[in-house]
Amino acid sequence: MIQTITSPAPVPETSGRRDRLSQGPDVLFCYGTLQFDAVLKALLGRIPEQAPAAAPGYRAAALADRLYPGLVVRALGGSASGVVLTDLSNQEWRILDAFEDERYDLREVALSTGARGWAYIWPGGDVLEEDWNAAEFETEHLSTYAARCARLAPGLAAGKPKGE
């Protein structure tokens, strides 16, 4: 069963966001830009412990006019590959949740390891037929993307919305 995190718990009014982290997610499955050490280091100031994993039944879909992917249900088998982050602090979860923002739903998914983890799921719209190309992103965009993340990090850590 896939579970969407929702909560009646209040969030500071300045954020305008619901508290998706109230159920205490522990393991984060990363299939897109967050699987790159440079992005994690830029956002969190460190590289969390990680292990390879996949999310069966999903794919990291290319999205129209975006450098990052969206995790969507795969129609015909297969799985999305990525990593799980296993030692995130509460503050780091808040930073990553603000970074992923309201465009994504945070849901629990089954992983190839037999465990369950949390993943940011793309709710729909702008999904292209092709899968996101991590190697192309790394070669063509990672450096500038990580620099952008470093510029956003202080505001995210202070609890401010990404503002994009």
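Located above this text is the structure these notes cover.
First, a word on what this report is: a plain description of the structure on this page.

1. Observations regarding the overall build of the protein chain
In step 1: Check the secondary structure of the protein chain and you find four helices and nine strands.
In step 2: For the protein chain, the succession of helices and strands along the chain, N to C, is β-β-α-β-β-β-β-α-β-β-β-α-α.
In step 3: When the 164 residues of the protein chain are sorted by exposure, 45% land in the buried category.
In step 4: If you sum the accessible surface of the protein chain, you get close to 8300 Å²; carbon and sulfur atoms cover 53% of it.

2. Thoughts on the packing of aromatic side chains
To describe a pair of aromatic rings, one takes the distance between the centres and the angle between the planes.
In step 1: On inspection of all chains with the given rule, the structure shows ten aromatic pairs.
In step 2: Between Phe36 and Phe137, the aromatic rings sit 5.4 Å apart at their centres with planes inclined by 45°, giving tilted as the arrangement. With Phe36 in the loop between β2 (28–30) and α1 (37–44) and Phe137 in helix α3 (residues 134–140), the pair connects residues that are 101 residues apart, well separated along the chain. By the burial criterion, Phe36 is buried, and Phe137 matches it.
In step 3: A network of ring pairs unites the aromatic residues Phe36, Phe99, Trp132, Phe137 and Tyr145 as a single cluster.
In step 4: Over the face of the ring belonging to Phe99 we find Lys162, whose NZ or CZ atom lies 4.7 Å from the ring centre.

3. Considerations on the packing of helix α2 (residues 90–100) against helix α4 (residues 142–157)
In step 1: Following both chains from N to C, one finds α2 and α4 inclined at 120°, their axes separated by 10 Å at the closest point. Judged by the angle between their axes, α2 and α4 are oblique. You can see that α2 and α4 cross each other, and the crossing is right-handed. Two secondary-structure elements touch here, α2 through Gln91, Ile95, Ala98 and Phe99 and α4 through Tyr145, Cys149, Leu152, Leu156 and Ala157.

4. Here we look at the pattern of salt bridges
In step 1: Scanning all chains against the criterion turns up nine salt bridges.
In step 2: Arg74 is paired through a salt bridge with Asp131; the nearest N and O atoms lie 3.3 Å apart. Pair noted here: Arg74 is in the loop between β5 (70–73) and β6 (79–85) and Asp131 is in strand β9 (residues 127–131), with a separation of 57 residues, a long-range link.

5. Some words on the environment of Ala62
In step 1: With respect to the secondary-structure elements, Ala62 resides in strand β4 (residues 58–63).
In step 2: Separated by ten residues in sequence, Ala62 and Val72 have C-alpha atoms that sit 10.0 Å apart.
In step 3: Sequence-distant contacts of Ala62, defined by excluding residues within four places in its chain, comprise Asp126, Val127, Leu128, Glu130, Asp131 and Trp132.

Rules used in this analysis
- Residues numbered from 1 in each chain as written.
- Predicted model: local features only at pLDDT ≥ 70, side-chain atom pairs only at ≥ 80, totals over all residues.
- Heavy atoms only, no water.
- Helix = DSSP H or I, 4+ residues; strand = E, 2+ residues; numbered from the N terminus.
- Buried < 20%, exposed > 50% of the residue type's maximum accessible area, 1.4 Å probe, protein only.
- Areas by Shrake-Rupley, 256 points an atom, 1.4 Å probe, with all protein chains shown as cover.
- Phe/Tyr/Trp six-rings, centres within 6.5 Å; stacked < 30°, edge-to-face > 60°.
- Lys NZ or Arg CZ within 6 Å of the ring centre and 35° of its normal.
- Axes fitted to C-alpha atoms, helices over the stretch in contact; angles between N-to-C directions.
- Parallel < 35°, antiparallel > 145°, perpendicular 65-115°, else oblique.
- Left-handed = near helix turned anticlockwise from the far one by under 90°.
- Contact = heavy atoms within 4.5 Å.
- Salt bridge = Lys/Arg side-chain N within 4 Å of Asp/Glu carboxyl O.

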